[in-house]
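Listed below, chain by chain, are the residues.
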Amino acid sequence: MTDYPTYANKRITIDKIVASHTFQGMHPTMQQRVRDLIEASAGRVGLGQGLREPSQQLQLFLNRHVVDPNGKYTYAGQRWSRLPGVAAAAPPGKSMHEIGLAADMTGDMAWLHDHVARFDLQTFEDVNNEPWHVQPSELPRARSSYESRPTWGLPPWDGSHATTGDAAHTAGIMAGGTASRPLTPALTARPGDTGPAVAVLLEALIARGLMPDAPGSRSGLYGPEPTRLVEDFQRTSGLDVDGVVGPQTWGALLRQVRPGDRGADVVVLQVTLIVRGLIAETVGNRDGVYGSATRDVIRQFQGLAGLAADGEVGPKTWTVLIGARTPVASRTRGATTPDDGVDLDDLDVLTAYDGLPAE
Ligand SMILES: [Zn+2]
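What comes next is a walk through the structure.

So, how was this worked out
- Residues numbered from 1 in each chain as written.
- Predicted model: local features only at pLDDT ≥ 70, side-chain atom pairs only at ≥ 80, totals over all residues.
- Heavy atoms only, no water.
- Core = buried A, V, L, I, M, F, W, Y, C linked by side-chain atoms within 4.5 Å.
- Buried < 20%, exposed > 50% of the residue type's maximum accessible area, 1.4 Å probe, protein only.
- Helix = DSSP H or I, 4+ residues; strand = E, 2+ residues; numbered from the N terminus.
- Domains from an automatic or database assignment.
- Expected span 1.5 Å × (residues − 1).
- Pairing = 2+ DSSP bridges.
- Axes fitted to C-alpha atoms, helices over the stretch in contact; angles between N-to-C directions.
- Contact = heavy atoms within 4.5 Å.
- Donors = N, O, S within 2.8 Å, 3.2 Å for Na, K, Ca; no water.
- 1 Å grid on protein atoms, 1.4 Å probe; cavity = no way out; pocket = protein on both sides within 12 Å on 5 of 7 lines; lining within 4 Å.
- Points joined across faces, edges and corners; volume = space filled by probe spheres on them.
- Nonpolar A, V, L, I, M, F, W, Y, C, P; charged D, E, K, R; others polar.
- Parallel < 35°, antiparallel > 145°, perpendicular 65-115°, else oblique.
- Salt bridge = Lys/Arg side-chain N within 4 Å of Asp/Glu carboxyl O.
- Polar contact = N/O pair within 3.5 Å; in protein donor to acceptor, adjacent residues only side chain to side chain.

We now examine the nonpolar core. Formed by 49 residues in total, the largest nonpolar core has its most connected members in L201, V245, W250, L269, V313, W318 and L321. Of the residues forming this core, the biggest block, 9 residues, is contributed by helix α9 (residues 196-207). Of the residues that make up this core, three or more belong to each of domain 1 (3-174) and domain 2 (196-337). Residues I14, M30, V34 and L37 belong to the second largest nonpolar core, which totals 22 residues.

This part covers helix α3 (residues 28-40). Over its 13 residues, α3 runs 18 Å from end to end, which matches the ideal 18 Å to within 8%, given 1.5 Å per residue. The first or second residue beyond α3 is A42, which carries a positive phi of 55 degrees.

The subject of this paragraph is the sheet that holds strand β9 (residues 130-136). On the basis of which strands lie adjacent, the open sheet formed by 4 strands has the order β3-β7-β9-β8 and antiparallel pairing. The two strands at the open ends of the sheet, each matched to only one other strand, are β3 (45-49) and β8 (121-124). If you compare each strand with its neighbour and ignore which way they point, the axes differ by 40 degrees on average. Each of β3, β7 (103-107), β8 and β9 touches α3; the most contacted strand, β7, lies at about 10 degrees to it.

Another point: the coordination of the zinc ion. Taken together, H97 (NE2), D104 (OD) and H133 (ND1) make up the full set of protein donors to the zinc ion, lying 2.0 to 2.1 Å away. Here the donor residues of the zinc ion are spaced in sequence according to H-x6-D-x28-H. Linking H97 in the loop between β6 (78-82) and β7 with H133 in strand β9, this pair joins segments that are 36 residues apart in sequence. Each of the two residues, H97 as well as H133, counts as buried.

Moving on, we come to the sheet that holds strand β4 (residues 65-67). Within a sheet, each strand pairs with its neighbour through backbone hydrogen bonds, oriented either parallel or antiparallel. Overall, antiparallel pairing links the 3 strands, which are arranged β4-β6-β5 in an open sheet. If you trace the sheet from one side to the other, it starts and ends with β4 and β5 (73-75), each paired once. Looking at each pair of strands side by side, their axes are set apart by 45 degrees on average, direction ignored. Direction of pairing for β4 relative to β6: antiparallel, over a ladder of 3 bridges. Across the sheet, V67 pairs through a bridge with W80, a residue of β6.

What follows covers empty space enclosed by the protein. Taken as a whole and assessed by the stated rule, the structure comprises 3 cavities of 30 Å³ or more. Taken as a whole, the second largest cavity holds about 50 Å³ of empty space. Every residue lining the second largest cavity is listed: A204, A207, R208, L253, L254, R255, D265, V268 and W318. When grouped by side-chain class, the residues that make up the lining of the second largest cavity number 6 nonpolar, no polar and 3 charged.

Relative to the helices and strands, T249 is located in helix α11 (residues 247-253). With a relative accessible area of 3%, T249 lands in the buried category. Filtering out sequence-adjacent residues up to four positions away, T249 remains in contact with V230, F233, Q234, L239 and V244.

This next bit is on the packing of helix α13 (residues 292-305) against helix α14 (residues 315-322). Orientation of α13 relative to α14, taken along the N-to-C sense of each, is 85 degrees, at an axis distance of 11 Å. It follows from the interaxial angle that α13 and α14 lie roughly perpendicular. Packed against α13, whose contacting residues are I298, F301, Q302 and A305, the element α14 presents T317, V320 and L321 at the interface. Residues that form the contact of α13 with α14 fall into these classes: 5 nonpolar, 2 polar and no charged.

Next up on the list: the pattern of salt bridges. The full count for this structure, using the stated rule, is 15 salt bridges. E98 is the partner of R143 in a salt bridge, and the nearest nitrogen-oxygen pair spans 3.1 Å. Of this pair, R143 sits in helix α6 (residues 143-148) while E98 sits in the loop between β6 and β7, and the two are 45 residues apart along the sequence. Residue class for E98 comes out buried when judged on its relative accessible area of 11%. The shortest N-O distance in the salt bridge between D296 and R295 comes to 3.4 Å.

Take the side chain of R276 next. Position of R276 relative to the elements: it lies in the loop between α12 (264-275) and α13. A relative accessible area of 1% means that R276 is categorised as buried. A distance of 2.8 Å separates the side chain of R276 from the backbone oxygen of L321, its partner in a polar contact.

With that out of the way, let us pick up unusual backbone geometry. Peptide bonds are, in most cases, trans, and in most cases residues other than glycine have a negative phi. Cis geometry is found at the peptide bond from P155 to P156, where omega equals 0 degrees. By the element assignment, P156 lies in the loop between α6 and α7 (159-162). One non-glycine residue, A42, lies in positive phi territory at about 55 degrees. Structurally, the position occupied by A42 is in the loop between α3 and β3. Despite not being glycine, D120 shows a phi value in the positive range, around 55 degrees. Residue position: D120 is located in the loop between α5 (109-115) and β8.

The quantities given are spatial measurements derived from coordinates; they are silent on function.
Below, the structure is given as structure tokens:
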């Protein structure tokens, strides 16, 4: 079966693309056009992201902008300027991705350029220098223009999508049940890994007193020594002993943090916010002090996730921050864990867009 390129140098079948939430969340006509385009490319072009959750849009925006009284963008009642050297990202509520009328394609951009019009799609090559971003040819390019005259209507597009909509999802989280989908891509650390999940893991091991609070402990690598420590921790916690840090192990490792707290557990939270792109990577942002800046970010994130915006980071907020499919507080031995296959909905949008513009 032909497979198609997606982010992180992965390839994926059309079945998996079509089954993903990011594809299913697009308008049905948009789905058909994107699918036809992908299949016609015979493996050259794939889907990176269609529907983008508001929380992901917020991550992108906060990652690239700072509050500035003279800034050109308005969001959350403040003016913002784009950081130097980074590409555009619309504030939450302003992107066509959030209403399922845009898709970011991956793979052979020259092929896309040459064939996109055949599928009644236009790229943003000449708009924001975004050759991968496609929208329906006949619709306005800007979301505000579209919403002033929504000729294709507004989401949810059909009954099936409504069940995965914000209200149902929020209800699931509020009830403490298993979320049908994560609001953020899942952080999972496996022995030998580097990357965002490992940064959080190493900080959590330090906070637990399992590793010394020293630069050498923050190597960025999930090497043999941290693996041994995690396996010991899993053994004493009654978890599966495999060194894989997913929802169950996160649930046992991560601790509740509240506004006003100080210390190593706050650093774990701050590092998580940094790797999620919710706060900038500065020394002051990992000072172990849960002050008003950290609280504002958490409350905004909780609001988007449909949680009580109280700034308290307990199991529910950790679940959404970690991007787990099952609540991180779950410590049941043998409970289902996410499979290892490529899941479009789990690919880290911030990593995928690193250095690239994203509307
Ligand atoms: Zn886009």
